Each structure stands twice: as structure tokens, then as C-alpha cells.
Amino acid sequence: MDGRAGKSGGGRGCRERGACACARVCKMVVLLRSLRWVVRGCAWDCRSRRPRCSAAAGPGPASGQVREAFLRFFQGRHRHRRLPSASVRPRGDPALLFVNAGMNQFKPIFLGTADPRSELARYQRVVNSQKCVRAGGKHNDLEDVGRDTCHHTFFEMLGSWSFGDYFKEEACSMAWELLTKIYEIPKNRLYVTYFGGDSSLGLSADEESRDIWLSLGVCPSHVLPFPLKENFWEMGDTGPCGPCTEIHYDHIGGGRNAAALVNQDNPDVVEIWNLVFMQYDREASGSLRPLPQHHVDTGMGLERLVTILQGKRSNYDTDLFTPILDAIHKGCGGPGYQGLVGEADVKCMNMAYRVVADHVRTLSVCIADGVYPGMSGAEVVLRRILRRAVRFCSEVLHAPPGLLASLVPAVVGILGDTYPELRKNEDQIVTIISENEVAFLSSLQRGRRIIDRTLQQMGPSKLFPVEVAWSIYGNLGFPLDLIGLMLEEKGIQLDWEIVSKLAQEDAEKKSRSQQTEQLEGSAAQLDVHSLAQLQGDGVPVTNDTPKYAYTLEPDGRYVFSPCQATILMLYKDRSLQKEVGAGQRCGVILDRTSFYAEQGGQAHDQGYLMLLGQQDVLFPVESVQLSGGYVVHEVTVLETLRAGDQVQLFVDEAQRLACMMNHTASHLLNFALRCILGDGTEQRGSHITAKQLRFDFSTKAPVTTQQMQEIEGIIQEVIKRDEAVYMAEAPLMLVRNIQGLRTTDEMYPDPARVVSVGVPVDTVLTQNSQAAMQTSVELCCGTHLLKTGAVQDLTIISEHQLVKGISRIIAVTGEQAKQAREVGQRLTAEVDSLCVRVKQGNSSLPEIQNLSKEVGCFIKELDTTAMPQWQRRELQTLLKALQRATNTAIRKLEISQAAEAAQILLEKHPNQPVIIDTVPVASLSILVKVVNQLCDKSGVSVLLLSPQASGQVLCACQVSKSSLPMLSAADWAVAVCTWMGGKAGGSGIVAKGSGNTKDIQGVLTAALEYVQTKL
């Protein structure tokens, strides 16, 4: 928990309690109240799109009514703007795996970095119900889910916000009104906490909040102070923060005073709503500075609220879960869900119900939002959730394969009206869950085999190798708790202390990597105080329209207009400065700029600044960032810079033009993908640099070789036509009506910039225009070519699936594309030549082995060479066939040579109890085959040595059935190779190794003596 009420839809260690007299009284109260809810519920639902009476939900209101009442209360009574839930896939926040709180999407407002032209910057009062996922990262409830009746990985956060509008008094008043008058929760069941102060930080108690609650009529004994840990909320180690006031609910009631149970992890008294008052900014030093603007951020978990209003003690007993639990029971048979926990839950059957019900909600919501089970980041966490659910289905519930996917319709039935993307993607959700379940069941079998094989090799030891367990966990996605259970069943232990250490080291490594990425990306980002100071001092935002000031000459050259600007302010060490001396690094804020700041997936421009009149001093621009409308140019100062200085700006034209080529090409690629793969193909991200373009997109299946060629063909046709690229700004409301418009999950400025290929923007904006359906039309702030012909060519050099359903293409343009095609043609010719030589046959073993090595070299070269991906795949298929052919030829020749050598040795050692000798062969592979054939034909144990020209001595042995188990091939080979100063390994039947010795006869004698001691 991060101090926010209901973040997991539940809270602090909820546990089931037996019924008591108070509980029976509570049930009677709930039944009486439910009659009022039936009437009121119908009234609420009559104003919604789908009228529904709450009677079907049993006592209390249906969950849908509870959610709608919250939204309508703030929207209708208190003029809040109602927003849809953001995707659980974080937008532009690498610090997060999932959206885990309602405030995530509003971070740019809190930090002051929101684009002043965007809709986001105009928000003042907002309300929504946000989809949240708590699994992985700092806030992780995954392992707690199922153990109690209140933790969840997915939950809904009912949130209300004020951005520089109202503050504490209004927020507390609204919350109290909603809970006591709309939801009719008895006032004597509610307790409120406030921040009690912290002397170490110089913070006094939040007596203002305390007095507000008292003025609202809250009983003084129900208003309680708590320290920093409970009642001071922070976004992170640095950034906006402030005191919070929490509202808690006493499930027992009955006139008792439960103040002593607040914040004590008591399941009877739970936190339901947290009101955060952001009024400070925590610096890197740990000190606090008052924020220039105060904000209110409140959050209440829907699951916990519904539990209270429906008179339940468990979130899983509400209508948010019961249809899923019923579907689980129907799908697996056996005992139904009873709500048991702890020791009362024999065989963890009820825990399994809760795990599966929770996890299928999370999977459904995440997949609907484009987060699929995979191998890194949020995707690997989702894979872990899916596999945990599958394990409980198969291992505990003993359900048939496919149960998890069969529960998706139940989830859609509960949440689909509120989150329509669930209905839209229902079939895809079912497919992805089914495919991943099949894959994991296969991994389970492989994991079991590895565990069984390791146990056989352990001997009498009762401690399982941690490195093996960690490998199974990391490579096969095998849950560590399942490994522990399987070992426990066999009486084997796992050193959990070392496992925990490995997990901690892994988490710290990922955290360090993430922090490094954040530091690299934030070096020129203005802090909230500097932004407020700039705005307060009336410093205008940077005019960056000169970045679009370029023309195309008749000869095909691009001419970039010169740009002169005035330094408005310098930024160094998180503060604004008027002057920065030589040798220091700082950010330069200009009144206008021709430099492109990193945004929209396009890399920032490179180039330099030059003081007007001083042509011998250049200030190379290292990065360009956009913060709250101000463009910050990061430079290392060679001579003193001052506010007011005039500078000339010189953009690296070659780098800019390359970015323009690749950005326009990415739009053409997006259009071509839609044409070939269908309208269901959606952009999931992109990154444009001067070197290449990267494009991620959703797709139902991997792109085939033929499809790749067709995609490139469409793009090349547009390039040949040398279509004009039109760019113009238009009101966002008008732009959203364009049929066929390509957009991404971003917050666009208003007006938005439209980029259209081949069709003027005015034409695509015409009402009912179909023009955008036939070409590329996107909202984009990037820099583009003015004619498509300058792209010259586009070649896809890589295509692979990041996760199931998401593919990534890397492509190059211009001269790089031409070079990639030339490389592809060269490699094709060379592989064709190799193919002819292999098919000729009639080669000796050394010749075939050399051909096999050539095949291997080509395979490696294909993996690392920039060339058309469709051509790479064709050559890879051909080379695999050649590899099989050469391996087969080598095997046949080795078997033939081995048969000849075995026959000679068989004639040399007739009727011997054991054969120990030397034989001239070219490889260990042939030696093993000689040993195999000789042992099979003679029926006795065999050990052969083969001295090599290099001085190395090869060794192989095989033990006959009659000699088992007295003689072990592995032990025999190890003993012999150890005498030669080498190593060996194998099984009890066959083993091989090598060493170095000149005393071959002595080794043969020692090998015989070893056998004689065993038989």
C-alpha cells in the first residue's frame, strides 16, 4: 500500500471471522437498508444507458450502481469532468510496469510538464474509475492474492482530483457527503485520520484537516492523528507529496469505539478512502519545498466499498466476483467456494478459487489494453500471473485444460459495460490465454523432468541445488513456490535464504537499470518549481515552429531556414540562472528554436549554438527536451553564457534529414501494414533515429515472408509516385472525425498537427471524406519530408514478436536500404553455390565436415547482417535444410568407418570378458560409435583410446548389461581421463572424455585394473 485507500481493492491483512451477535444485527440492518437501495438503485440506473434494478445483486446496491453513483456525484453535483479509465499500460512513464493508481495519468500536471496546448493542461476538476494493476515493482500484491479475502492484482480505483482548484475543506466535505448521505454509511462506523506532524522534517500536524472534520460533525474521538508512515503520501523518492487524510470503516459497529483498531491491520476496521493534499515537493536531498500550486488526489477502492455497501466481509462475496467463482465451480466440479482461509482451507481449495478469479480479471483487462504475457517488463509479470492461475487450476482445482480462458465471458459480463475494450477484444483475450496455458503446461512437464533428473544426480543429499531452481524459474517461468511444493513432496529442501538473495539481487539490478534510464532521460527536464517560476515571471514558452521551416528545392535539396534566438534563461542544478560560467553543463531556454525536442518517438536534433558575432566559439547541443512548453537545449558551456545573449542555431542537417526520411517512412509502413494485415493492426510504439526506424504493432499472427514483401512493395510504390506530404494544424475535435485516422495512445495538443500523404489536409478534414482510408493520415508532431521520393527505398531488416500478439519491425531507408539489398543478393548467390556443392555428394568425411562448417558460418552471418528480413528467412530455411543434409552425410560416413574399426577390433579380441584397446579415429563422435557397435556385437564392456596428432587422447566406453550395476561407464571414464589429466562425463552406460598422455600402455593397464576391482 502506498498510503492510498483500497489500492488493492482490499487492505491490511483481512481474515475471515466467525459470526457473532453483532454480525447478526448487522445483517438485519443491511436487509432493511437494501429495500431503500432497490428504489434508489432503480433511480440511478434509469439515468444510465442500461436500466437495471439492484435487486438482482441481493442486499445492497449492485457494484455498477456504486461506481456510477460515485461518478455522477462528482460530475453532477460538483462540476468534475468525467474521464474514461486510462489504459493499464503506462503512457510515457518508464518507472511503471502497470498503471497502479488513478493519479498516474496526471503526473505531468503534478510535475508541471504538461504541454500547455494539450487538453491535459486544462483539467481543473476530474473524476473517473481507473483500472489499476498491483503486481511487480514497488507495489506488488501478487503473492498475497488468495491467502486472504481482500488482496487483488487488479482493482478499480474511484478517484477525484482538483488541479489547483479547491483544496482540503471542499475535498473533505465532498467525501463526507458522498459516504454518509448518498451511500448512507452510518457516521458512527467511520473514523478519519490526519497527519500528526514530523519534527525531523520540520512539519507540524495537519490541524487544518482535523478542524475541517470536526466542523463536519465527526465525533472528536473518531478523528485520529498518525505519523508520516500512515498519513503522508509521496509519489516517489522525489517529487510532489503531502499530508493525507484517510477514512476508515468499522465492520462491527454496534455503538463501540474502534479508534484503537485503526491502522492496526485489523480486518474489522479497514481504510476505504484516502484524500491526498499535494502541497510539497521532495528534493533529492530529502528536504521539502512548498509546491507552487496545490492539488487534491483522492482514491477509493471500488471492491472494498462494494463489500461494505453489500453487507459482506469479503470482496470475493460481492457481485464483482461471485459470477466468476460460480463459473470456476461449474468448470472444474468438486466442492464450491466457501470463503475459507488459513488452516480452515484444507488443501487450499478456496485459495485457488480466489487466485483464479482475481488473476483472470487481471489477464482480461491487461490483454484488452495491449499488455500480453511475455519475457520482459510488465509482460513477464503478466506471464507469471497467468502461470500462477494455471497452476492453481491444474494442481489444486484439478480442472481440465482451458478452464482459465473459459472464465473470460464472466469477466466481460461484469466489467464489459464500464470498460468496452473488454467486449471488443474478448475473442483475442480467450485466444491469448489459451495459447499461453498450453505453452505453460508444456513447460511444467519440462520443469518436472529437470527436477527429477537433478534429484537422480544428487545422490543422498537432501538439499536441492539453488542454481537449478533459479534456472527453471528464470528460463521456464516455473513458479518458485511450485518448485518448493514439488520438492517438499519428495522430502527435499531448498535454501530459501539464497533464493531470496538471488531475487533481491535481480530486483536491484533491474531497479538500477531503470534508474539509469530515467537519469539519462531527465538531464534537461525542468523541475516543477522552475516551471512555476518561469510561468510566474511571464517567460513565454518556446516558439518551436522554426523546426518546420524548411523547403524543397527543384533539384531535390532541402534548405533549412536560418534561426536566430535570444537566451531567456539558463537551467543548472535544478534552478534557473541568469549566467553560467565556462566548463559547466546547463540547459539553455530560448525564445525560439529550430531544434526538434525529443517527442513523439523521434530522436532530438543534433547541432550547435553560436554566440552572435563570435564565430570561433561553438556550443554543441547534447540533448533537446520539452518541459511544459519550454524547449531546453543541453550544452557544455565553453565561454560564459548569459540571459539576453543572442545566438545563432545550426541544426545538423544530415542527421535531421535522415530522421525526416525515417519518420515519413514509418507513416508509410503503418499504412502498408494496415493494407496487408488488416484494420485490426494498431501501432503500439515507435522510435525514429537517423540510423533506422523501429515500429511496434499489434497483430494476430507473425508477419509471413510473403506479407513482408507485399508491405515493402506498397511502400516502394508510394515512393516511386513521389507523393506530396501535407502538414497542417487543425482543432482536435475536428481531427477526431477523420475516417481512417491513425492515432496512438498519447495526449495530443489542441490544435493537433495532421500529416497526410498524397491528399491535402483540407480534403481529409471534409465531412464524410473517405480520402484518409486510401492513404496515410496521422496526428504527428514530428518532422517529415515534403515529397515521398526522398525516402528512396525501405527495407525491413528485422521482424519478430516481442510477445504474443505484438510484433516489432526494424527498417532502414535510402542508401542503407540499398546496401542491405546488395548484401542480401550477395549472400543469396553464395548460399546457392554452397547448395550446389552439397548436392554433388560423393565427398570424403573431411570435405563434408568442411561444408558443414561453411553452413554454420553462413547461419551466424545471417543472424548479424543487415539485409531484407524476407530474404534472411528464405536463406535460413535453405541453410537449415543444408545443415540437415550435411549432418546426415557425416553421420552415415562415421557409422561406416566405425563399423569397419569395430569389426577389426572384434576379430582382434575374440571371446574376451572386456575389450580395452586403442583405435585410430578422427573424432570423439566416431570413437563413441565404434564403442557402441563393438559393445553391441561382442556383448562385453568396452573402453577405447584414440591418440590424436595434437597430443590429445580421446576416450570412450560403454558398459554391457551384464556388468551393471557393478560397473559405471561414467566412473570408469572419469578414472581413466583423470589419470591422463583430463575430464570425462556421461551416464552409467555410456561415457566419453579426453586427456593428455604419452604412456598409452600405462593408461590401458590402469583401465583394465579398474574394471577388475569392480567385476
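Here, the structure is the one placed above.
What comes next is a walk through the structure. The structure presented is a predicted model; accordingly, all values stated were derived computationally and were not measured.

About the cut-offs
Residues numbered from 1 in each chain as written. Predicted model: local features only at pLDDT ≥ 70, side-chain atom pairs only at ≥ 80, totals over all residues. Heavy atoms only, no water. Helix = DSSP H or I, 4+ residues; strand = E, 2+ residues; numbered from the N terminus. Buried < 20%, exposed > 50% of the residue type's maximum accessible area, 1.4 Å probe, protein only. Contact = heavy atoms within 4.5 Å. Lys, Arg positive; Asp, Glu negative; His and termini not counted. Charge placed at Lys NZ, Arg CZ, Asp CG, Glu CD. Polar contact = N/O pair within 3.5 Å; in protein donor to acceptor, adjacent residues only side chain to side chain. Pairing = 2+ DSSP bridges. Axes fitted to C-alpha atoms, helices over the stretch in contact; angles between N-to-C directions. Phe/Tyr/Trp six-rings, centres within 6.5 Å; stacked < 30°, edge-to-face > 60°. Lys NZ or Arg CZ within 6 Å of the ring centre and 35° of its normal. Parallel < 35°, antiparallel > 145°, perpendicular 65-115°, else oblique. Left-handed = near helix turned anticlockwise from the far one by under 90°. Nonpolar A, V, L, I, M, F, W, Y, C, P; charged D, E, K, R; others polar. Expected span 1.5 Å × (residues − 1). Core = buried A, V, L, I, M, F, W, Y, C linked by side-chain atoms within 4.5 Å.

### Quick word on the overall build of the protein
No. 1: A tally of regular secondary structure across the protein gives 28 helices and 34 strands.
No. 2: Across its three principal axes, the protein shows a C-alpha extent of roughly 110 × 90 × 60 Å.
No. 3: Each of the 1015 residues in the protein was classed as buried or not, and the buried ones make up 52%.
No. 4: At a minimum sequence separation of 6, the contacts of the protein that also span at least 24 residues come to 72%.
No. 5: Charged side chains of the protein number 106 positive and 111 negative; the gap between the two group centres comes to 5 Å.

### Focus: the side chain of Ser 960
No. 1: Within the fold, Ser 960 resides in the loop between strand E32 (952–958) and helix H27 (969–979).
No. 2: Given a relative accessible area of 5%, Ser 960 falls into the buried group.
No. 3: Of the polar contacts made by the side chain of Ser 960, one reaches the side chain of Ser 962; its length is 3.1 Å.
No. 4: When near neighbours in sequence (up to four residues on either side) are disregarded, Ser 960 contacts Cys 935, Gly 939, Val 940 and Ser 941.

### Overview of the environment of Phe 110
No. 1: Mapped onto the secondary structure, Phe 110 falls in helix H3 (residues 107–111).
No. 2: For Phe 110, a relative accessible area of 1% gives the class buried.
No. 3: Residues Phe 110 and Val 528 lie 418 residues apart in sequence; the distance between their C-alpha atoms is 7.8 Å.
No. 4: If we ignore the near neighbours within four places in the chain, the residues touching Phe 110 are Met 103, Trp 161, Phe 163, Met 235, Pro 240, Met 278, His 295, Asp 297 and Val 528.

### Topic: the sheet that holds strand E33 (residues 983–986)
No. 1: One open sheet holds the five strands; their spatial order is E30-E31-E32-E34-E33, and the pairing between them is mixed. Only two strands of the sheet have a single partner each, and these edge strands are strand E30 (914–918) and E33. Between one strand axis and the next, the sheet turns by 10° as a mean value, whatever way the strands run.
No. 2: Bridge count between E32 and strand E34 (residues 990–996): seven bridges; the pairing is antiparallel.

### Remarks on the packing of aromatic side chains
No. 1: As enumerated under the stated definition, the model contains 19 aromatic pairs in all.
No. 2: Taking 6.3 Å as the distance between ring centres and 85° as the angle between the ring planes, the aromatic pair formed by Phe 74 and Trp 273 counts as edge-to-face. With a gap of 199 residues between them, Phe 74 in helix H2 (residues 63–77) and Trp 273 in strand E8 (residues 269–282) connect regions that are remote in the sequence.
No. 3: Judged by its relative accessible area of 1%, Trp 273 falls in the buried class.
No. 4: Centroid distance Phe 106 to Tyr 123: 6.3 Å. Interplanar angle 80°. Geometry classified as edge-to-face. Placement of the pair is Phe 106 in the loop between strand E1 (81–82) and H3 and Tyr 123 in the loop between H3 and strand E2 (125–133), with a sequence separation of 17 residues.
No. 5: Residue classification places Phe 106 among the buried positions, given a relative accessible area of 0%.
No. 6: A relative accessible area of 8% means that Tyr 123 is categorised as buried.
No. 7: Through pairs of rings, three or more aromatic residues link up here, namely Phe 106, Phe 110, Tyr 123, Trp 161 and Phe 163.
No. 8: One Lys or Arg, Arg 391, reaches over the ring of Phe 392 and ends 4.5 Å from the middle of that ring.

### What about the pairing of strand E26 (residues 752–757)?
No. 1: Of all six residues in E26, six are buried, a share of seventy percent or more.
No. 2: What you see with E26 is no split at all: Ala 752, Val 754 and Ser 756 on one side and Arg 753, Val 755 and Val 757 on the other are buried throughout.
No. 3: Of the strand pairs in this sheet, strand E25 (residues 725–730) and E26 are connected by six bridges, and their pairing is antiparallel. Across the sheet, the residue bridging to Glu 729 is Arg 753, located in E26.

### What to know about the sheet that holds E25
No. 1: The three strands are arranged E25-E26-E27 in an open sheet whose pairing can be described as antiparallel. Single-partner strands in this sheet number two, and they are E25 and strand E27 (777–779). On average, adjacent strands in this sheet sit at an angle of 20° to one another, irrespective of strand direction.

### Let's talk about the pairing of strand E19 (residues 618–627)
No. 1: Pairing analysis gives four bridges linking strand E18 (residues 607–611) to E19, with the strands arranged antiparallel. Bridged to Met 610 within E19 is Leu 618.
No. 2: A loop of six residues connects E18 with E19, the two strands running antiparallel in sequence, and Gly 613 in this loop sits at a positive phi of about 90°.

### Concerning the environment of Val 953
No. 1: Take Val 953: it is sitting in strand E32.
No. 2: The class of Val 953 is buried, set by a relative accessible area of 1%.
No. 3: Distance in space between the C-alpha atoms of Val 953 and Ala 284 is 64 Å, their sequence separation being 669 residues.
No. 4: Non-local contacts of Val 953, meaning those with residues more than four positions away in its chain, are made with Leu 945, Ser 946, Pro 947, Met 980, Gly 993, Ser 994, Gly 995, Thr 997 and Ile 1000.

### Some thoughts on the packing of H2 against helix H4 (residues 168–182)
No. 1: Put simply, H2 and H4 touch, their axes get as near as 11 Å, and they point 130° apart. By the criterion of interaxial angle, the relationship of H2 to H4 is oblique. You can see that H2 and H4 cross each other, and the crossing is right-handed. Across from Ala 69, Phe 70, Phe 73, Phe 74 and Arg 77 in H2, the residues of H4 making contact are Met 174, Glu 177, Leu 178 and Ile 182.
No. 2: Taken together, the residues of the contact of H2 with H4 break down into seven nonpolar, no polar and two charged.

### Focus on helix H23 (residues 814–840)
No. 1: Counted at 1.5 Å a residue, the expected span for H23 with its 27 residues is 39 Å, and the 40 Å between its end C-alpha atoms agrees.
No. 2: Within the span of H23, buried status applies to Gly 814, Ala 817, Ala 820, Arg 821, Gly 824, Leu 827, Val 831, Leu 834, Cys 835 and Val 838.
No. 3: Each element contacted by the buried residues of H23 is listed here: helix H19 (653–677), helix H20 (705–721), strand E28 (794–803), strand E29 (806–813), helix H24 (845–864) and helix H25 (869–908).
No. 4: Phi for Gly 841, located one or two positions after H23, is positive at around 65°.

### Let's talk about the environment of Lys 330
No. 1: Positionally, Lys 330 belongs in helix H8 (residues 322–332).
No. 2: Judged by relative accessible area, which is 77%, Lys 330 ranks as exposed.

### Notes on the nonpolar core
Proteins that are soluble and globular tend to have nonpolar side chains buried together.
No. 1: Ranked by internal contacts, the top residues of the largest apolar core, which has 122 residues, are Phe 70, Tyr 183, Ile 247, Trp 273, Ile 328, Leu 404 and Phe 464.
No. 2: Among the elements that make up this core, the one with the highest residue count is helix H9 (residues 349–368) (13 residues).
No. 3: Other than its neighbours up to four places away in sequence, Phe 70 contacts Val 127, Asn 128, Leu 158, Gly 159, Ser 160, Leu 178, Tyr 183, Trp 273 and Met 300.

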